[in-house]
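Notes for the structure review
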Amino acid sequence: MAASIRLQRAVKLGNVLLRREAYVLRTKGHRTFILRSQHKGLCSSFRALSAQAAPESDHHNIIKDTEKATGAGDKHEFQAETRMLLDIVAKSLYSDKEDTGVGMTREELVANLGTIARSGSKAFLEQLKDNEVNSDVSSIIGQFGVGFYSSFMVAEKVEVYTLSSREGSKGYKWTSDGSGTFEIQEADGVQPGTKIVIYLKPDCREFSDEETINNVIKKYSNFVGSPIFLNGKQVNTIQPLWLMDPKDVTPQMHDEFYRFVGNTYDRPRFTLHYKTDAPLTIRSLLYFPEGKPGLFEMSRETDVGVALYSRKVLIKSKADNVLPKWLRFVKGVVDSEDIPLNLSRELLQNSALIRKLQNVLANRILRFLHDKSVKETEEYDKFYKDYGLFLKEGIVSTHEQVHKEEIGKLLRFESSLKPSGEKVSLPQYCSRLKQGQRDIFYLAAPSRQLAESSPYYEALKKKDVEVLFCYEPYDELVLMQLRQFNQFSLTSVEKEMRQDKESDDLSTLGSDSLSQSEVGSLMPWVKQVLAGKVHSVRVTKRLDAHPCVVTVEEMAAARHFIRTQSHQIPEESRYSLLQPQLELNPRHPIIKKLNSLRTSNPKLAELVIKQIFANSMVAAGLMEDPRTLLTSMNELLTIALEKH
């Protein structure tokens, strides 16, 4: 085949499976001599090659131009189904001219090169004839071997020379231009095995370029067990480390292999050499980069993924469905004999088996990272600093709760009980829960200083309840998606405050507080002044240093809405959706003064309550643009300073 065909380690001869031992490729002019094997009596072919390079004296070359057709040719027509298949293969099935394979044996030349392999293909093609199958010919996946016919994508003529190793066998020459007929002649000088000569079409001459073929072999067949010789020189020299015993692989070998498969220049931070035979046969070598992720890796639309092999033959260099998308920073190789392949071996079928492969690998990676986080804490913390965002993406994008919680073990946050800069895990938090506590509390804030001074944190701080501090805008969304961990609910301190029922008891407000009657008259007035903005008003005993606070049902979702969508809707509709609840501190000097201003200076009182409500919205992260407060703030200051 004039293009790079992925090598397979065995060719079926009748009912006998024989191993190939060497593959040799050579070109001459615009002809391509594709490959013969040193196995006695076995030669099968596959690749187009490069021009003009004469073999050096110390190079291996077993191709000899000794064949000569003799006698009259015996002309045959392809079966109708085969003609249809030739047309599909040459025009529709393969997306690239280097995606192909060879299905060639040395016996029954007429049957094997004139008919389709018998595995349901005829019935499939009959469905095509009857228009029972749509025009997407990629559904031929797995129906039959058509690699040999794909040679006509690039060939204007193909010659096959073959000689059986059976005693007394004759040599034959098979010729066709792919138009519907083929010719068979006896031939002298044919060496045991099979040799294919491809005459390239004018627009496909790049497949007779040595560098092109060399790159193609390295891309698809670098790790096949048999040596591949290109113009006499072996080109597949890199060892498949993933099949070796991990103890035999040195750090230097890992560095070189990582740079090869990852197309990068750094070193691997962590290395996972994983082998298993259940529930699938998997041989994998996965690397976690030492360098920080770039913009290329950050994008979910990036064409990345580990290299997928089957028996050391490359199936896809960037198989993006072998690992979950959030693990796209992982580089390496996965080799499995169990994967279903499509005809060109360039795309994988969307099957339950592939999903199982993905789950097995993802779970093993999670266990690996968890072990690192426990045994190599310092190194893991460095990794988390660079790649923690991908783990958080995994929680948001994963549907199964058990997988979310496995990823959740790897998350790290600062804690109210630990010094600034020291991070803790969710399992560590759970190990310190107070008796009867059923929630893991967290607070989102831009910094630790703002978190510790937050009005939402005051009450839990007094109770010495541990709170996780989330400094990134997306952290609270991640924890909201996680929902629970180890049967404990993940609850924001704002939600805990809104659901607190103790504040409804106004019988013990204290001597330094507004009286119950004053509170009873203040709350309706506040709700009236802030009509259209607040959903409800109540007093709270949980605040000390702050006059009031705003709570909503789901603060994380509300803040996300404000950042991403609130500019698209009017202000009134925005408050209607948020339904903010204003909670007043009846012991705070501002609230007590506000109550007296309602009668002494109603205009100033209205400006004050509007301002402290707006301040609370800003503190909650629910104000789209705080600059809108400047006008009302200046008006408030003007009235407040009238008597000075």
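Residues numbered from 1 in each chain as written. Predicted model: local features only at pLDDT ≥ 70, side-chain atom pairs only at ≥ 80, totals over all residues. Heavy atoms only, no water.

Going by this rule: UniProt positions are given in the numbering used here, feature names are shortened, and annotations may be inferred rather than shown by experiment.
In the annotation of an unreviewed UniProt entry, the protein chain is listed under the name Heat shock protein 83 and assigned to Gryllus longicercus. Checking UniProt for the protein chain, the heading Sequence similarities (unreviewed entry) contains the comment "Belongs to the heat shock protein 90 family." In its Subcellular location (unreviewed entry) section, the UniProt record describing the protein chain reads: "Mitochondrion".

**A word on the sheet that holds strand β21 (residues 484-485)**
To keep things clear, this is the line we draw: A pair of strands is labelled paired if DSSP reports no fewer than 2 bridges between them. Numbered from the N terminus, helices here are DSSP runs of H or I no shorter than four residues, and strands are runs of E no shorter than two.
On the basis of which strands lie adjacent, the open sheet formed by six strands has the order β18-β17-β20-β19-β22-β21 and mixed pairing. At either margin of the open sheet sits one strand with a lone partner, and together these are β18 (423-424) and β21. Pairing analysis gives four bridges linking strand β19 (residues 439-444) to strand β22 (residues 488-492), with the strands arranged parallel. The residue bridging I440 from the neighbouring strand is L490, located in β22.

**Re the pairing of strand β25 (residues 581-584)**
Side chains on a regular strand alternate between the two faces of the sheet. Using the following cut-off: For every residue, the accessible area (1.4 Å probe, protein chains only) is compared with the maximum for its type, and the residue is labelled buried under 20%, exposed over 50%, or partly exposed between those bounds.
Burial along β25 is two-sided: the face carrying Q581 and E583 and the face carrying L582 and L584 are both buried. Bridge count between strand β23 (residues 536-539) and β25: four bridges; the pairing is parallel. Looking across to β25, one finds that V539 is bridged to L584. Looking at chain direction, strand β24 (residues 548-551) and β25 are connected through four bridges and run antiparallel. Among the inter-strand pairings, V549 is bridged to a residue of β25, identified as E583.

**As for helix α5 (residues 251-262)**
The condition that has to hold: Here, expected helix span is obtained from the residue count minus one, scaled by 1.5 Å.
Compared with the 16 Å implied by 1.5 Å per residue over 12 residues, the 16 Å span of α5 between its first and last C-alpha is a close match. Considered for burial, the residues of α5 that qualify are H254, D255, F257, Y258 and G262. At the exit of α5 stands N263, carrying a positive phi of roughly 50°.

**Some points on the sheet that holds strand β14 (residues 306-310)**
Our working definition: Helix axes are fitted only over the stretch in contact, all axes being lines through C-alpha atoms; the angle between N-to-C directions runs from 0 to 180 degrees.
Pairing within the open sheet is mixed, and its five strands lie in the order β12-β13-β16-β14-β15. Two strands lie at the open edges of the sheet, namely β12 (268-276) and β15 (313-319), each paired on one side alone. The mean angle between the axes of side-by-side strands here comes to 15°, regardless of whether they run parallel or antiparallel. One ladder, built from five bridges, connects strand β13 (residues 282-289) with strand β16 (residues 331-335); its direction is antiparallel. Paired with R283 across the strands is D335, a residue of β16.

**Here's the deal with the packing of aromatic side chains**
The criterion, for reference: Any pair of Phe, Tyr and Trp rings, taking the six-membered ring for Trp, is counted once the centres come within 6.5 Å. Such a pair is stacked with planes under 30 degrees apart, edge-to-face with planes over 60 apart, and tilted for the rest. By definition, being over a ring means that NZ of Lys or CZ of Arg is both within 6 Å of the ring centre and within 35 degrees of the ring normal.
The final tally for this structure, using the stated rule, is 25 aromatic pairs. Look at Y380 and F383: their rings are 5.8 Å apart centre to centre, the planes differ by 45°, and that puts the pair in the tilted class. Note that Y380 and F383 are positioned in helix α8 (residues 377-397) at a spacing of three residues, about one turn of the helix. Each of the two residues, Y380 as well as F383, counts as buried. Consider the rings of F383 and Y387, whose centres lie 5.5 Å apart with planes at 15°: the pair is stacked. Placement of the pair is F383 and Y387 together in helix α8, with a separation of four residues, close to one helical turn. There is no split in this pair, since F383 and Y387 are both buried. Members of the aromatic cluster, connected to one another through ring pairs, are F270, F288, F329, F368, Y380, F383, Y384, Y387 and F390. Positioned over the ring face of Y199 is K157, at 4.4 Å from the centre of the ring.

**As for empty space enclosed by the protein**
What counts is decided by this rule: Detection works on a 1 Å grid of protein atoms alone, calling trapped sets that fit a 1.4 Å probe cavities and calling open sets with protein on both sides within 12 Å along at least five of seven lines pockets, with lining residues defined by an atom within 4 Å of a point. Grid points are joined across faces, edges and corners, and a volume is the space filled by probe spheres set on the points.
Taken as a whole and judged by the stated rule, the model has one cavity of 30 Å³ or more. Space inside the largest cavity adds up to approximately 80 Å³. Around the largest cavity, the lining residues are V304, G305, V306, A319, D320, L323, P324, K325, L327, R328 and V330.

**Section: unusual backbone geometry**
With an omega dihedral of 0°, the bond running from A278 to P279 counts as a cis peptide bond. Looking at where P279 falls in the secondary structure, it is placed in the loop between β12 and β13. The phi dihedral of Q579 falls on the positive side, at around 50°, and the residue is not glycine. Counting through the fold element by element, Q579 comes out in the loop between α17 (571-578) and β25. The exposure class of Q579 is partly exposed, given its relative accessible area of 36%.

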